[in-house]
Amino acid sequence: MTWRANNCATPGLEEYQQLYKESITEPTKFWGRLARELLTWHKDFQTVSSGSLTNGDVAWFLEGELNASYNCVDRHAFKDPNRVAIIYEADEPSEGRTVTYGELLREVSRVAYVLRDLGVRKGDTVAIYLPMVPEALVALLACARIGAVHSVVFAGFSADSLRDRVIDGRSKVVITSDEGKRGGKLIGTKKIVDDALKQCPDVTGVLVFKRTGADIPMTKGRDVWWHEEVDKWPAYLAPEPMNSEDPLFLLYTSGSTGKPKGMMHTTGGYLLGAATTAKYVFDIHDGDRFFCGGDVGWITGHTYVVYAPLLLGVSTVVFEGTPAYPNFSRYWDIIENHKVTQFYVAPTALRLLKRAGDQHVRNEMKHLRVLGTVGEPIAAEVWKWYFEVVGKEQAQIIDTYWQTETGSHVITPLAGVTPTKPGSASLPFFGVEPSIIDPVSGDEIPGNDVEGVLAFKQAWPSMARTVWGAHKRYMDTYLNVYKGYYFTGDGAGRDHEGFYWIRGRVDDVVNVSGHRLSTAEIEAALIEHAAVAESAVVGVADELTGQAVNAFVAIKDGNEASDALRKEFILQVRRSIGPFAAPKAVFIVPDLPKTRSGKIMRRILRKILAGEEDQLGDITTLSDPSVVEKIIAVVHEAR
Ligand code: 6R9
C-alpha cells in the first residue's frame, strides 16, 4: 500500500467505502463484529445497541460485561509479559525508562488494592491530578480495574478549578504527586491539591506519588505515599467485571456557560471507539511504537496515550516534557531514539517547531508511517511542512477531527487508505453520519459544496452518554438543538467531493494551542476580582497559538486603569482557572457594547480587534452606541 499525500484514490478506499456503508446501514452487524474481534468480553452481549439521539438514551453492547484494565493489560501480559507497554520519556532526556506489560499488570493490581484500602468501591469517583508519568496510566487503569470512575484533571488547572471538579464529580480520593517537572520547571502539584481540598470535605484519601522527592506536608489520616502503600499488597488483583454501560470515566470540558461539563464515557462503547480508530485510523500493528504528544489531562491523552495503544497491545510513549526542552529537537529525538511508528500532536506544536527552523528536525526517523494532528485546524503550509520536512514525504498526514464528547475520531482519514487534502479532516469514520445543517432554518443541507454547522445523524459507540449530574444540560447542548441529531458546536463545509472542512466553533468556545476554553468561564474568573464591574472575553486569531484570549474589562468606580491592574486581571485568571487560560491582552474600557436588553455584543469586540472597525454593522441597537468609539480608542492606544 502506498502513502498518498494528494487527492488520488488508493486501493483501500473502496474497502473503506464498503465498510463505511455497512457501518451506517447495518450498524448492529458491523459494531457487533468489531466489538467481539477487538475487545475481550467477560460475558458476551446480546443487544448491540438501543436508544436514540432523540431520546438521549443511547446504550451499546447491553448485557455485555468486560473490564477496561483487563483489555489494556492482562490479555497482553499473559501472552507476552516482556513486551514494552510504556516508553517513559522523562522531562530530562536521560531519566526515562520502559515498563513491560507484565510490570504494568503488577503495578496496576497493587494500586487497585491500595485504592480499595482507601475505601474506593465500584462506582465511586477518583480524581487524578498527575503529571505525564507512567503512574498516571497506572492510576487510570487501577481505577478501571476495581470499577471506580476516573476523573482526570489536567495538572495545569488551578486549585479552584480542581476543587470545582472534585466537588462536581463527588470524588472520594485524589491521586497526585509531590511535584511535577516540565520543561525544566517544577510544578507544585501536591500544594495545589492541598489548597483545593480545603473546600472538599468529602475527600477522605490522597495517594501521593513521589516524583521529585520535594519536602511536602502530608495530612495525617488523609495523605499516603504511593511507594509505601504498594509495598503492602499483592501483585495480582482480579479485575471487576463491569457492565458495558457502566461509567469508565468523567472528563471535564468547557462549554458555552461558565460551568465545566463532566462528560461521562462508558466502558464498552468507549473502548471500542479507541480500539477501532487505533486499528483503522492509525493503522497500528503489533510491534508499533505509538507516540501521542497529548496530556492525559485531556481527551487526546485518554484515548490515544492510554486506551487506544494499550488495547492493541503496542508500546505507548509517555512524554513528560515540552517540545522545546532542552531544545527544539526533543520530539524528533524521541521519535528517532524509540523508532516511533505513529506520531500524533496538535498543530500548535508544529507551528512552534516550524518557526524554530528545519535544522532542528532529524534526518532519520525512518520508522514513521503516520503523522497525525488533532485539536484545531491545520493550515496548509504547516501540513506541507509536516509532510515534507518531518515525514520526508514517506509518512501519511492524518488530520483527525473529534471532541471530548465523541470519545474517539469522528471525521478523519484512514492512514494509507484515504486520499488527503491539506486542511481537510476528509471523510467520516465508521458509524458516523455527518450532516451539514443550516443554522438559521435548522434544516439539513443535502448535497455537496455546502456550508453550515456540523451534526451527526446516528449514534456511535464511543459518544459521551451524559453530562455528569446534569442530563438535561447534555440534552440541551447536544441533542435538543437539532432534534434527532448530535450537534458538535462546530461550523463545517462539505466540498464538491464530499470532504469535510472544519471551520471552528460557532459557540463561545476559544481554542488556544489546542486547549478548549470557555469565554464565559474566563469572564466568571475576571468578575471575581474586586475591581471588575463587567468583562467580555473573545478569541482572536494568533499566528502561534491558533487563537488567543483577549479580555475587555469595565472597572468599578474608584479604580484607575493601569498596567499593574491589567497584570492583576491576568493573574486572577491564572489563579482561578490555570496559566494556560491567561488572556494575552487586557483592555480596560469605560463600558462594554451591550444591547438594550443587556446582551454583550462580542461580535463588535472581535471586529475591533481584527481592525475591521469599518465593518461593525448596525450598532444603533446598542444601549449606548458611543462606547464603540471609546473602545476603539483604548485598543488603538494599546497597540
Ligand atoms: C480532540 C479534541 C474539540 C474541539 C472541536 C473543534 C476542535 C478538534 C480538530 C478541530 C479542526 C481538527 N478540533 N480537532 N478543529 N480540525 N482536526 O481536541 O477535543 O478538547 O474536546 O476539543 O476542537 O472545534 O469541537 P476537545
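Note that the structure is predicted; figures quoted are calculated from it, not measured.

Novice: Could you give an account of the overall build of the protein chain, with specific residues and numbers?
Specialist: Broken down by element type, the protein chain carries 18 helices and 30 strands. On C-alpha atoms alone, the protein chain measures out to a radius of gyration of 24 Å, which is about the 26 Å that the 2.2 N^0.38 rule sets for 639 residues. Along the three orthogonal principal directions, the C-alpha set of the protein chain runs to about 75 × 65 × 55 Å. The buried share of the protein chain, taken over its 639 residues, is 61%. When the accessible surface of the protein chain is split by element, carbon and sulfur atoms take 51% of a total near 23,900 Å².

Novice: Explain the side chain of Ser177 to me, using residue names and the numbers behind them.
Specialist: As for its placement among the helices and strands, Ser177 is situated in strand β8 (residues 171-177). Within the structure, the side chain of Ser177 is placed 2.9 Å from the backbone oxygen of Glu179, a separation counted as a polar contact. In contact with Ser177, other than residues within four places in its own chain, are Tyr129, Leu130, Pro131, Thr189, Lys190, Val208, Phe209 and Arg211.

Novice: Could you give me a rundown of the pattern of salt bridges, with the residues and numbers involved?
Specialist: Think of it this way: side chains of opposite charge can pair up when their charged atoms draw near. Under the defined criterion, the tally for this structure stands at 48 salt bridges. The salt bridge partner of Asp195 is Lys191, with a shortest N-O separation of 3.2 Å. Of this pair, Asp195 and Lys191 both sit in helix α7 (residues 189-197), separated by four residues, roughly a single helical turn. Within this structure, Glu22, Glu26, Lys29 and Arg33 form a network of salt bridges that share partners.

Novice: Provide a residue-level description of the sheet that holds strand β22 (residues 450-456), including the pertinent values.
Specialist: The strand order across the open sheet formed by four strands is β21-β22-β24-β25, and the pairing between neighbours is antiparallel. In the strand order of this sheet, the two ends are held by β21 (434-437) and β25 (500-505), each with one partner. Each adjacent strand pair in this sheet contributes to an overall mean axis angle of 45°, direction not counted. Across six bridges, β22 lies against strand β24 (residues 486-494) in antiparallel orientation. Counterpart to Val453 in the pairing with β24 is Gly491.

Novice: How would you sum up the UniProt feature "domain: Acetyl-coenzyme A synthetase N-terminal" (unreviewed entry) in the protein chain? Please name residues and give values.
Specialist: If you check UniProt for "domain: Acetyl-coenzyme A synthetase N-terminal" (unreviewed entry), the listed places come out as residues 16-72 in our numbering. The span residues 16-72 is 47% helical and 18% strand by assignment, and the distance between its end C-alpha atoms comes to 26 Å.

Novice: Can you tell me about the UniProt feature "domain: AMP-dependent synthetase/ligase" (unreviewed entry) in the protein chain, naming the residues and giving the values?
Specialist: Under the feature "domain: AMP-dependent synthetase/ligase" (unreviewed entry), the UniProt entry names residues 74-459. Between the C-alpha atoms that bound residues 74-459 the distance is 30 Å, and the span itself is 30% helix and 23% strand.

Novice: Residues and numbers for the nonpolar core, please.
Specialist: Ranked by internal contacts, the top residues of the largest apolar core, which has 124 residues, are Trp31, Leu104, Leu115 and Tyr307. With nine residues, the single largest contributor to this core is helix α5 (residues 134-145). When residues no more than four places from it in sequence are discounted, the contact partners of Leu115 are Val120, Ala142, Cys143, Ile146, Val173, Ile175 and Leu207. Grouped together as the second largest cluster of nonpolar side chains are 41 residues, Tyr129, Ile522, Ala531 and Val537 included.

Novice: Mind laying out helix α16 (residues 563-576), listing which residues take part and the relevant values?
Specialist: Look at α16: 20 Å from first C-alpha to last across 14 residues, which is about the 20 Å you get at 1.5 Å a residue. Within α16, the full set of buried residues consists of Leu565, Phe569, Gln572, Val573 and Ser576. The buried residues of α16 occupy one face: seen down the axis, they fall within an arc of 95°. Summarising the geometry of α16, the exposed residues directed more than 90 degrees from the buried face are Asp563, Ala564, Lys567 and Arg575. The inward-facing, buried residues of α16 abut α6 (159-169), α15 (519-527), β28 (532-542), β29 (546-555) and β30 (585-589).

Novice: So, helix α17 (residues 602-609): which residues are in play, and what are the values?
Specialist: Within the span of α17, buried status applies to Arg602, Ile604, Leu605, Ile608 and Leu609. All buried residues of α17 fall inside an arc of 155° around its axis, so they share one side.

Novice: Would you mind going over unusual backbone geometry in detail, with residue names and values included?
Specialist: Cis geometry marks the peptide bond from Tyr325 to Pro326; its omega dihedral reads -5°. The phi dihedral of Ser426 is positive, around 70°, even though this residue is not glycine. By secondary structure assignment, the location of Ser426 is in the loop between β20 (396-400) and β21. Unusually for a residue other than glycine, Ser513 sits at a positive phi of about 50°. Note on placement: Ser513 falls in the loop between β26 (509-512) and β27 (515-518). Accessibility expressed as a relative area gives 23% for Ser513, which makes it partly exposed.

About the thresholds
- Residues numbered from 1 in each chain as written.
- Predicted model: local features only at pLDDT ≥ 70, side-chain atom pairs only at ≥ 80, totals over all residues.
- Heavy atoms only, no water.
- Helix = DSSP H or I, 4+ residues; strand = E, 2+ residues; numbered from the N terminus.
- Rg over C-alpha atoms; globule rule 2.2 N^0.38 Å.
- Buried < 20%, exposed > 50% of the residue type's maximum accessible area, 1.4 Å probe, protein only.
- Areas by Shrake-Rupley, 256 points an atom, 1.4 Å probe, with all protein chains shown as cover.
- Polar contact = N/O pair within 3.5 Å; in protein donor to acceptor, adjacent residues only side chain to side chain.
- Contact = heavy atoms within 4.5 Å.
- Salt bridge = Lys/Arg side-chain N within 4 Å of Asp/Glu carboxyl O.
- Pairing = 2+ DSSP bridges.
- Axes fitted to C-alpha atoms, helices over the stretch in contact; angles between N-to-C directions.
- UniProt positions renumbered as here; feature names shortened; annotations may be inferred.
- Core = buried A, V, L, I, M, F, W, Y, C linked by side-chain atoms within 4.5 Å.
- Expected span 1.5 Å × (residues − 1).
- Arc of directions from axis to C-beta.

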